[in-house]
Each structure stands twice: as C-alpha cells, then as structure tokens.
Amino acid sequence: MPPYGYSPSPYPVAPPRRNGKKPIILAALAVLLIVAVGITAIVVQRLTNDSGSTPEQRGRSALATAQVRMLHTAAVHYTGTLTKTPLAISGGVHLDLTVTNVGDAYGTVKVSDTAWLDYLGVGGKSFLKGDKSAWMVLGVLGDTAGDYADHPVQIGPDLLGIDLATTFAPARLALALDPDAARDKPVRVGAPVTIGDHESTPVSSGGVTTYIRGLREQHSSPGNDDDQSIEPSIDRVVSDDDPDYSGAGNADLPQFSLDTEPLQSDDAGDIYAQLPGRIDALDKAVDSRVSLDGTLNGRFLQNPCLGTCTVEFTITNRVETSPDIQIKTIAFEYTVSVTASIAIATGPDCSGSGTMAPNGSATIRCTATYDAYKIRAGTTFPITANAQVIVRALDPEQIKSLKDQVQGHGTSSGGLSPEVPVSLADDWNDYVAAGGKLSKDDWTAARTALGNRANAATTAPAPATDWLAPGAVAKVPAGWGSPSANSKTGRAGRDEKLGVRWSDPNNKGNSIRIDKGDPTNGLASQQVDHVVINVNGRIIDKNGNPIDAPKPSKTAEAHIPLSEWLTWKAWDHP
C-alpha cells in the first residue's frame, strides 16, 4: 500500500508512478493533487377554480405555480435515487441532500447497502468523503482507493453523471420541469397518489413527472374554502429518458426519483452557519479529476559536509487533466528528513509550504547540523536526505474565497421565501450563482414564459394579523409592505401554525417573523408569541447580537418574546 500522498488519477485509475533512489539521496516523491431588470416577478400562491378549463390546462397552471414557488425557495431537502449513473450501480445511487437555492449543498451519497460517502458542494466544487470500500464501489482501484479513504476528494460531473449541487439547485431545477411548454405540447395529468399524509397529482412534461400537492384540492371541491387554501407545491420529481429535451444549460436532466421538502430561509441560515467549518476541513482535500506526475531531484551543496550540510531539492510537476479544468497555481507542502549514523539536527527550513506554476518547478533547501568535533579526523559517514511533497488542490486563499462566497450566499438567501416577491434581476443573479449556463436573453425568455403560465393563478390574500399584540404591525418598517403567511403554515406533515413574516424588499437578509405561541410546546421560548429577527442574514438574540451556533434558528435565544420585542427602540435592536 503506497503512503498517502500518491497521485490520484481520473477514472479508471492507473497505478501511481514512483521515482527511484539516488546514490546519496533517497528522493521519495509522493504527490497527492488537489488543485488546485426591475420588473417584479410574479409570486403565485394558489390556483383559481376555473371549472371551464381542461385538466391539462389546470395541470400546467399548477405546475407553473409550483415551479415559481421552488424558484423562490431558500433550500430544498431531497431524498431518493439517481436511477442511472455512468457506474451502473445496482439499485442506483441513493441521495439524502440539502441544497440551497443557489447550489450550496451537503448530505450523504449511498452507493451500496453498507457503503456511503459524505457530500459537500460549495462554489461550484463537489467533494466526497468515504472509506476505501465506498471508493472501490465507485470504480477507484486498489491503492488509490486507500489514499482517498477518509479524505475529502474533489470530483467532477463525470463520476455520477452530473454535479449534484448545481443540478438540484432550486434556482436551476425549477426551470427544467416543463420541457413540453417550449414545444407547445400539453402536459399529461395522472391519477393522484398518496405521498406522506396527503394526495399528490403527477403532472408529466417530456420525460419529467412532477408530483404536485394542491392541484386536485384546488379544482375537485369547488366552494370548499379549506381546499382552496392549499397552494400548489412540489412533493416529488421523477426524471426519465427524453431524447427531445435539453434543459437549462442544454444538458439533459439525469434519471432520478427524488422526494422534495422545501425549507424556510431560517433553515437555509442554519445551513450557511455550518458551511464555513465544513469548508475549513477541505484543507486536506484531494482532486480526483487531475493526474499529476513529477520528479524530485536533490543534491548536497557541500561534499563532504563539515558540521553543516545543506540539501537542495528541485520539484517539478507535470499536470494532465481535461481542458475544462483551469489550474492557475499548485500549492505544495514538503518535509525533508536527514539521517546519519550520528546525531544530526534539521533546521526550521526543512518543512514548509510553497507554490509553483502548473508544469513548472520549485526549489527547496534544508539545513542540517552535527557536532564535527565528535568525529575522528579523516573518517566519513553517509548522510541520507528524504523529501516528501504533497500537492494540495485548495490553497488557503482558495479556501478563504469559498468561505467569503458562501457568506454572501447566506446573506442573500436570508429573506428568500415563496411568499415574498422577488425581482427578475434577483432571480437572474441566483440562477448565475447556481451555475446556470443559459445566456441572459435565453433565461429571460424562459423565466418570462414561466411567469405567464403562472398567471392563471391568483395571489392569496394577506394573512390575518388581528391576533397580534397592539403595536406589532407598526414596529415593522413601513416600506416592507404587507406580511405573508409563515411558510410553515400548512406544510405537509405539520400541524397548522399561525404566523406572519415581513421581508425587506431591498435586502433579502433582513426579515421579521412572528409566530403565535403554543402553550403545549415543550420549549418555553415557543409557548408564548415570539419573534425571529434576521439582520443581514444573521439571526439575532434579544440583545441584538448575532447568534453563533450550528443552527441559530433552533436555539432558544432566537425566539424573542413578542412582548419584549415591542419594547425595542427599532425592529432590529433593543
């Protein structure tokens, strides 16, 4: 088994290359590479009950409404299966992923009954981390699978057939669910099925079938106000072969079957609170997409040494990768050890880090010393120098850049909600951040057509606020407009929860959420009417300070009693 540090290669993996020994220098090169518009969009909440329309017309309208809601969802939790991948894994690849609107994601990828890997997708880069057996299921052979074991490994879309995070980013996936609309072909509406505790109606377009909650209730029970309150939302998406369809970015959707659970902006805030720590762990990541070979040649600057020995190594690298992978610099770490038959001490320059250009070289030196007076005059002894170089895919600056990027995404997603209007300019920015490949003109045409299809729906009335304590509505900044219903209200599998939300139209990171207390709740902070405040994407406590916790919205400090908030000087500080 070669030591951790040998070169990863594209699949299939060839045996790593090694250098031989030199007469006075043992140059062991181990290389592990890790290289490195101001039109307001339509927000639709429920369909009108048009008894004169056809099932196909109602299905398309409901699908469009659900697409717009997904487009403006802060994050989605997906569970299900990639039914077809390049690896032809029996039973498919099972996914449990949480993906934010713009394509930052984490979760697990299960490749067999006993093998799974952790997944992280940030900034358009995807990483898997698992044991040797999991990598071998993915086609990585022998020693390389051992080298990958328990290290984050950057992967390309060729491994699973897609990039998980960007493909399932709501800002992108939502636009790909009705391919037949562009062909002017009707959708196909199937019989309702049970998903969870409710019925969901399949609406098929091209090779994509979207299961929609709310379609049947909206149209099968005229006059039933309870049914009319259910807005169309997506429960499941199934994608099969459709040779006529090319979706966003002119790439076919993969074959998959995934259940979806839309999450609130607070949940997305919790995700972004955890991502910086996950990114820090990428400092030891490996890049499976790149094959790197190189040489490590060395020499002693003094021969023989007299008390001080300086060894100099020249590192060269040769990068082989696909043309679409742009490598600007290669960061490396090195350790030089010097051994002899007498005591010898190495200096601080014998370990460190540096950078070199792709297909370039770098020189490192190491100084070792010994007590020459302890050696009998005229005698000699051999000295051996050994150097190991590990090349990292992400250098510290790249890691910092990723952290800055996800911080910006977290701020922008702070107030994102299907109930809050979003401008087309913001929609476009989210699509680009999610890695969308359509030109702005093509995207605008697709987004406008989607809005037009959703025009068959009407906007739901503003939720009631008469249960709020006096002064609560007046505390909200005047420019924030009318409130929307708390997005937990009526969510599948949850009891109705009375609540309202306001968002800053000029800063999606600012929001006010007020929930009605539940005396039966086991958490004292939620037994009374309470407020959750987002300021620039950060949830604050009753003292106005950002909450530093893995899941800020789940902490007791996040739920500020409404009566206490009403005493604050302003909406965002006491």
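Just so you know, these numbers come straight off a predicted model, no measurement behind them. (Residues numbered from 1 in each chain as written. Predicted model: local features only at pLDDT ≥ 70, side-chain atom pairs only at ≥ 80, totals over all residues. Heavy atoms only, no water.)

Empty space within the largest cavity amounts to approximately 110 Å³. Looking at the largest cavity, it is lined by 11 residues, and the ones nearest its centre are Arg69, Met70, Thr73, Ile234 and Pro262. Contributions of two or more residues to the lining of the largest cavity are made by helix 1 (55-71), strand 13 (233-239) and strand 14 (256-263). Broken down by element, the residue count for the lining of the largest cavity peaks at 3 residues, all from helix 1. When grouped by side-chain class, the residues that make up the lining of the largest cavity number 6 nonpolar, 3 polar and 2 charged. (1 Å grid on protein atoms, 1.4 Å probe; cavity = no way out; pocket = protein on both sides within 12 Å on 5 of 7 lines; lining within 4 Å. Points joined across faces, edges and corners; volume = space filled by probe spheres on them. Helix = DSSP H or I, 4+ residues; strand = E, 2+ residues; numbered from the N terminus. Nonpolar A, V, L, I, M, F, W, Y, C, P; charged D, E, K, R; others polar.)

A separate point is the nonpolar core. Formed by 61 residues in total, the largest nonpolar core has its most connected members in Leu82, Leu95, Leu128, Trp135, Leu138, Leu164 and Phe168. With 7 residues, helix 1 is the single largest residue contributor to this core. Apart from the residues within four sequence positions on either side, Phe168 is in contact with Tyr78, Leu82, Leu95, Val99, Ile162, Leu173, Phe256 and Leu258. Counting 27 residues, the second largest nonpolar core, distinct from the first, contains Cys309, Ile327, Tyr334 and Phe381. (Core = buried A, V, L, I, M, F, W, Y, C linked by side-chain atoms within 4.5 Å. Buried < 20%, exposed > 50% of the residue type's maximum accessible area, 1.4 Å probe, protein only. Contact = heavy atoms within 4.5 Å.)

Here we come to the side chain of Asp427. Looking at the element boundaries, Asp427 is found in helix 10 (residues 424-433). Only 2.9 Å separates the side chain of Asp427 from the side chain of His72, close enough to count as a polar contact. (Polar contact = N/O pair within 3.5 Å; in protein donor to acceptor, adjacent residues only side chain to side chain.)

The next point concerns the side chain of Gln255. Looking at the element boundaries, Gln255 is found in the loop between strand 13 and strand 14. A relative accessible area of 15% means that Gln255 is categorised as buried. Sequence-distant contacts of Gln255, defined by excluding residues within four places in its chain, comprise Thr81, Leu82, Thr83, Lys84, Ser239, Asp240 and Asp241.

This part covers the packing of aromatic side chains. Applying the stated criterion to the full structure yields 7 aromatic pairs. Judged by centre distance (5.1 Å) and plane angle (85°), the rings of Phe168 and Phe256 are edge-to-face. Of this pair, Phe168 sits in the loop between helix 4 (164-167) and helix 5 (170-173) while Phe256 sits in strand 14, placing them 88 residues apart in sequence. A single burial state applies to Phe168 and to Phe256, both of which are buried. Between Trp480 and Trp571, the ring centres sit 4.9 Å apart and the planes meet at 65°, which makes this aromatic pair edge-to-face. (Phe/Tyr/Trp six-rings, centres within 6.5 Å; stacked < 30°, edge-to-face > 60°.)

Looking now at helix 8 (residues 265-280). Between its terminal C-alpha atoms helix 8 stretches 24 Å, which fits the 22 Å expected from 16 residues at 1.5 Å a residue. The largest bend in helix 8 is about 30°, located at Gln274, with the proline Pro276 one to four residues further on. Among all positions of helix 8, only Ser265, Asp266, Asp267, Ala268, Asp270, Ile271, Tyr272, Gln274, Leu275 and Ile279 are buried. (Expected span 1.5 Å × (residues − 1). Bend = angle between axes of the 7 residues up to and from the residue.)

Time to look at the pattern of salt bridges. Within this structure, the stated rule accounts for 17 salt bridges. Taking the shortest distance from any N to any O, the salt bridge between Arg447 and Asp427 comes out at 3.0 Å. Highlighted residues: Arg447 in helix 11 (residues 440-454) and Asp427 in helix 10, separated in sequence by 20 residues. Residue classification places Arg447 among the buried positions, given a relative accessible area of 2%. Note on Asp427: relative accessible area 4%, which makes it buried. Between Asp515 and Arg513 there is a salt bridge, and its shortest N-O distance comes to 2.7 Å. The class for Asp515 is buried, based on a relative accessible area of 0%. Within this structure, Arg60, Asp178 and Arg453 form a network of salt bridges that share partners. (Salt bridge = Lys/Arg side-chain N within 4 Å of Asp/Glu carboxyl O.)

No statement about biological role is implied by the geometric values presented.
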